Amino acid sequence: MKTFTDWTTLTEADRGAAAAIGNFDGVHLGHQAVIDIARSAAARTAAPLGVMTFEPHPREYFAPDAPPFRLMGPATRAHRLRKLGVDHLYQIPFDRGLAGLWPEEFARVVIFEGLGLSHVVIGADFCFGRQRSGNAADMQAFGAAMGFGVTIADLVQDGDRRISSTAIRRALTDGRPRDAAAMLGHWHRIDGAVIHGDKRGKGLGYPTANMSIDRLHPPRFGVYAVRAEVLTGPHAGCYDGAASIGVRPMFGGKRANLETHLFDFDGDLYGQHMSVALVDYLRPELSLPSVDALIEQMARDCAEARTLLAGTP
């Protein structure tokens, strides 16, 4: 997959894709349906399959001080799109200039002149342009006038519930990772580098790999059964484990992070890249009366996680 962050300097070989357009936060089943329609359009015309998205997320641009809401960062999103077979990822910088384009300007300057897209696929609720004043019907009209095809994808339902990034965030906030996975079409993952922590876990007999969750929507604090993938380094591979997300109330922590204990693992992961999938929520964070009580609880957590993961394909 080729990633483009400057849409004004594309070569002819990089133009002409059939592309799905949106933020694609989480790359959930609804997003995948839009991408599959673009895939069919690309196949019909032997065009590259593209995805056009924005960085930062427009919501981050307009409300930079709002609580974190993203399900995944740009690198994780790109990794997921690569797995879906996307050829060209157009990661459009969202800035004052882009935000100020009226819908017709956006269609002409970015889609038609900048990217030269042959076909675009958008969700039925897609809004674009200054003050979000353009809608899906407007995009169809602009496409007809400028010469690019437009398909409006129906919204995807999970039973009587619409699949959306908002619904997935709600499931994670409630501690329902399997419900989130049902809407995502994959486990919800937290990706990032393993960083140095206070090393208390090692002293307790349960060493952990620590990762930041800054700028991400925080799942419900507590302990999870997880599937982890070490993506780099000599210990690359897949491991089951138990992880804690939260602030470590027994030790006066204030900044939330992710601490993952990998079962049957012995090695140094500092600086390596890891992806941790949340499978089951086990319990909330606890402030226990003693370190011994914490060690006993951690043993129960790990035993429960092993049992749950053994029964999970």
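Nothing here was measured: the structure is a model prediction, and the numbers come from that model. (Residues numbered from 1 in each chain as written. Predicted model: local features only at pLDDT ≥ 70, side-chain atom pairs only at ≥ 80, totals over all residues. Heavy atoms only, no water.)

Colleague: Which residues make up the overall build of the protein chain, and what values do they have?
Modeller: On a plain count of helices and strands, the protein chain comes out with 10 helices and 14 strands. A compact globule built from 313 residues should have a C-alpha radius of gyration of about 20 Å, and the protein chain, at 22 Å, falls within 12% of that. Here the protein chain holds 313 residues, and 50% of them are scored as buried. Across the protein chain, every contact between residues at least 6 apart in sequence was considered, and the portion connecting residues at least 24 apart equals 73%. When the accessible surface of the protein chain is totalled, it reaches about 14,500 Å², and 53% of it is carbon and sulfur. Separation of charge centres in the protein chain, based on 33 positive and 35 negative side chains, amounts to 2 Å. (Helix = DSSP H or I, 4+ residues; strand = E, 2+ residues; numbered from the N terminus. Rg over C-alpha atoms; globule rule 2.2 N^0.38 Å. Buried < 20%, exposed > 50% of the residue type's maximum accessible area, 1.4 Å probe, protein only. Contact = heavy atoms within 4.5 Å. Areas by Shrake-Rupley, 256 points an atom, 1.4 Å probe, with all protein chains shown as cover. Lys, Arg positive; Asp, Glu negative; His and termini not counted. Charge placed at Lys NZ, Arg CZ, Asp CG, Glu CD.)

Colleague: Can you tell me about the sheet that holds strand β3 (residues 49-55), naming the residues and giving the values?
Modeller: Read across the sheet, 6 strands follow the order β1-β4-β3-β2-β5-β6 without closing on themselves; strand pairing throughout is parallel. Edge strands, defined here as strands with exactly one partner in the open sheet, are β1 (2-4) and β6 (149-153). Pairs of neighbouring strands in the sheet enclose a mean axial angle of 25 degrees, with direction left out of account. Strand direction decides the pairing type here: strand β5 (residues 119-123) and β6, joined by 5 bridges, are parallel. Pairing of Val120 across the sheet is with Val150, part of β6. In the packing of helix α3 (residues 74-83) onto the sheet, contacts are made with β3 and β4 (88-93), and the angle to β3 comes to roughly 170 degrees. On top of the sheet, helix α5 (residues 103-115) reaches β2 (18-21), β3, β4 and β5; it is set at about 130 degrees to β3, its chief contact. (Pairing = 2+ DSSP bridges. Axes fitted to C-alpha atoms, helices over the stretch in contact; angles between N-to-C directions.)

Colleague: Summarise the state of the cysteines; cite the residues concerned and give the values.
Modeller: Disulfides are covalent bonds that connect the sulfur atoms of two cysteines. In the structure shown here, the tally under the stated rule is 0 disulfides. The cysteine Cys238 is free of any disulfide, with Cys302 supplying the nearest cysteine sulfur at 19 Å. Taking the relative accessible area as the measure of exposure, Cys238 reaches 64% and is therefore exposed. (Disulfide = S-S within 2.5 Å.)

Colleague: Can you tell me about the packing of aromatic side chains, naming the residues and giving the values?
Modeller: Using the criterion set out here, one finds 11 aromatic pairs in the structure. Taken together, a centroid distance of 5.6 Å and an interplanar angle of 20 degrees make the contact between Phe126 and Phe128 stacked. Per residue, the accessibility class of Phe126 equals that of Phe128, and both read buried. Here Tyr239 and Phe265 contribute two aromatic rings whose centre-to-centre distance is 5.2 Å and whose plane-to-plane angle is 80 degrees, an arrangement assigned as edge-to-face. Taken together, the residues Tyr239 in strand β12 (residues 237-246) and Phe265 in the loop between β13 (257-262) and β14 (273-283) connect sequence positions 26 residues apart. When the ring centre of Phe69 is taken as reference, the NZ or CZ atom of Arg59 above it lies at 4.0 Å. (Phe/Tyr/Trp six-rings, centres within 6.5 Å; stacked < 30°, edge-to-face > 60°. Lys NZ or Arg CZ within 6 Å of the ring centre and 35° of its normal.)

Colleague: Let's hear about the sheet that holds β14: which residues, and what values?
Modeller: Overall, antiparallel pairing links the 6 strands, which are arranged β9-β14-β11-β12-β13-β10 in an open sheet. Only two strands of the sheet have a single partner each, and these edge strands are β9 (188-193) and β10 (209-212). Each neighbouring strand pair of the sheet contributes to a mean axis angle of 35 degrees, computed without reference to strand direction. By the bridge criterion, 6 bridges tie β9 to β14 in an arrangement that is antiparallel. Across the sheet, Gly192 pairs through a bridge with Met274, a residue of β14.

Colleague: Account for unusual backbone geometry, with residues named and values stated.
Modeller: In this chain, Glu55 is followed by Pro56 through a cis amide linkage whose omega measures 0 degrees. With respect to the helices and strands, the residue Pro56 is situated in the loop between β3 and α2 (58-62). With a phi angle near 55 degrees, Ala46 is a residue other than glycine that sits in the positive phi range. Unlike most non-glycine residues, Arg132 shows phi in positive territory, near 50 degrees. Counting through the fold element by element, Arg132 comes out in the loop between β5 and α6 (136-146). Classification of Arg132 by relative accessible area gives exposed; the value is 58%.

Colleague: Give a description of the nonpolar core that names residues and reports values.
Modeller: By size, the foremost hydrophobic cluster in this structure holds 30 residues, and its most contacted members are Met52, Tyr90, Phe106, Ile111 and Met139. Of all elements in the fold, only β2, β3, β4, α4 (96-99), α5, β5 and α6 reach the threshold of two or more residues within this core. A total of 5 residues in this core trace back to one element, the largest contributor, which is α5. Apart from the residues within four sequence positions on either side, Tyr90 is in contact with Phe4, Leu10, Asp14, Ala17, Gly50, Val51, Met52, Thr53, Leu115 and Leu117. Residues Ala209, Ala243, Ala256 and Val276 belong to the second largest nonpolar core, which totals 23 residues. (Core = buried A, V, L, I, M, F, W, Y, C linked by side-chain atoms within 4.5 Å.)

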